[in-house]
Every structure is written in C-alpha cells, then in structure tokens.
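One letter stands for each residue in the lines below.
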Amino acid sequence: MSADQKGNWAIFYSKIDEPTEWKTMRYQRNDGVIVSAKTYDDVYKFTRFKEAYNFVKDLITEDHPTYNAQVKRVCRTRGKGFYLSGN
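First, a word on what this report is: a plain description of the structure on this page. What you see is a predicted model; the values in this text were computed from it and never measured. (Residues numbered from 1 in each chain as written. Predicted model: local features only at pLDDT ≥ 70, side-chain atom pairs only at ≥ 80, totals over all residues. Heavy atoms only, no water.)

### Comments concerning the nonpolar core
Counting residues in each nonpolar core, the largest one holds 12 residues, listed as Trp-9, Ile-11, Tyr-13, Met-25, Ile-34, Phe-46, Ala-52, Val-56, Leu-59, Tyr-67, Ala-69 and Val-71. In contact with Val-71, not counting residues within four places along its chain, are Trp-9, Ala-10, Ile-11, Phe-49, Ala-52, Tyr-53 and Val-56. The next biggest cluster of nonpolar side chains, apart from the first, holds five residues, and it includes Ala-10, Tyr-40, Val-43 and Val-74. (Core = buried A, V, L, I, M, F, W, Y, C linked by side-chain atoms within 4.5 Å. Buried < 20%, exposed > 50% of the residue type's maximum accessible area, 1.4 Å probe, protein only. Contact = heavy atoms within 4.5 Å.)

Written as structure tokens, this is what we have:
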C-alpha cells in the first residue's frame, strides 16, 4: 500500500432530501452539482484537512443548502476500491 504522508481527505456527502444515501465526491460541476466517485482514482483528494474543511463549510452554509457533508480520510484498498475513515 502507498499513501500520501500528509494524508488524503475526501468529501462524504448526501443530498438533504436523501439523508440516508451518502456518497464520496468525485468533482463539483459548474452548476454546483456534486458527482460521486466509484473508484479510488476517481475520488477528489485534498492533501490538507483545512482545505477540505473549508470546502464543506462553504457547501453546508449556503443560503439554501443542497447537501449534508463531512470530511473523511480516504484510504485505498485492493484493486480500485477505497474506504473512508473518521468520525
């Protein structure tokens, strides 16, 4: 296994109207829609926790928020899989 020594952080999110369907962020489109990742290579990885935290803060404090979101550490598993750890 290999990992960035600084850590890799990902955005774990769900739509407010679908609170039980959590996904991992791949990217955010220009219209604000977040696209989900299927493999480790697809996950948008922040190398600094503070940057990921600021992204989440901006996302959930919009005038009319669309998403619930959390910052999680992303870890690679065998093959193309990944898992998230953290509170």
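### Brief notes about the pattern of salt bridges
Taken as a whole, this structure holds four salt bridges when the rule is applied. Among the ionic pairs, Lys-23 bridges to Glu-21, the shortest N-O distance being 3.6 Å. Of the residues examined, Glu-21 reaches a relative accessible area of 41% and is grouped as partly exposed. Ionic pairing is found between Asp-42 and Arg-26, a salt bridge with its closest N-O pair at 3.8 Å. Taken together, the positions of Asp-42 in the loop between strand 3 (34–36) and helix 1 (49–60) and Arg-26 in strand 2 (residues 23–28) put the pair 16 residues apart, joining distant regions of the chain. (Salt bridge = Lys/Arg side-chain N within 4 Å of Asp/Glu carboxyl O. Helix = DSSP H or I, 4+ residues; strand = E, 2+ residues; numbered from the N terminus.)

### Re the pairing of strand 1 (residues 9–15)
Most of strand 1 is tucked away: five of the seven residues are buried. In the sheet, strand 1 pairs with strand 4 (residues 67–76) via seven bridges, with the strands oriented antiparallel. When the bridges of strand 4 are listed, Ser-14 appears paired with Asn-68. In this sheet, strand 2 lies alongside strand 1 in antiparallel orientation, the contact comprising two bridges. Considered in strand 2, the bridge of Tyr-13 is made with Lys-23. (Pairing = 2+ DSSP bridges.)

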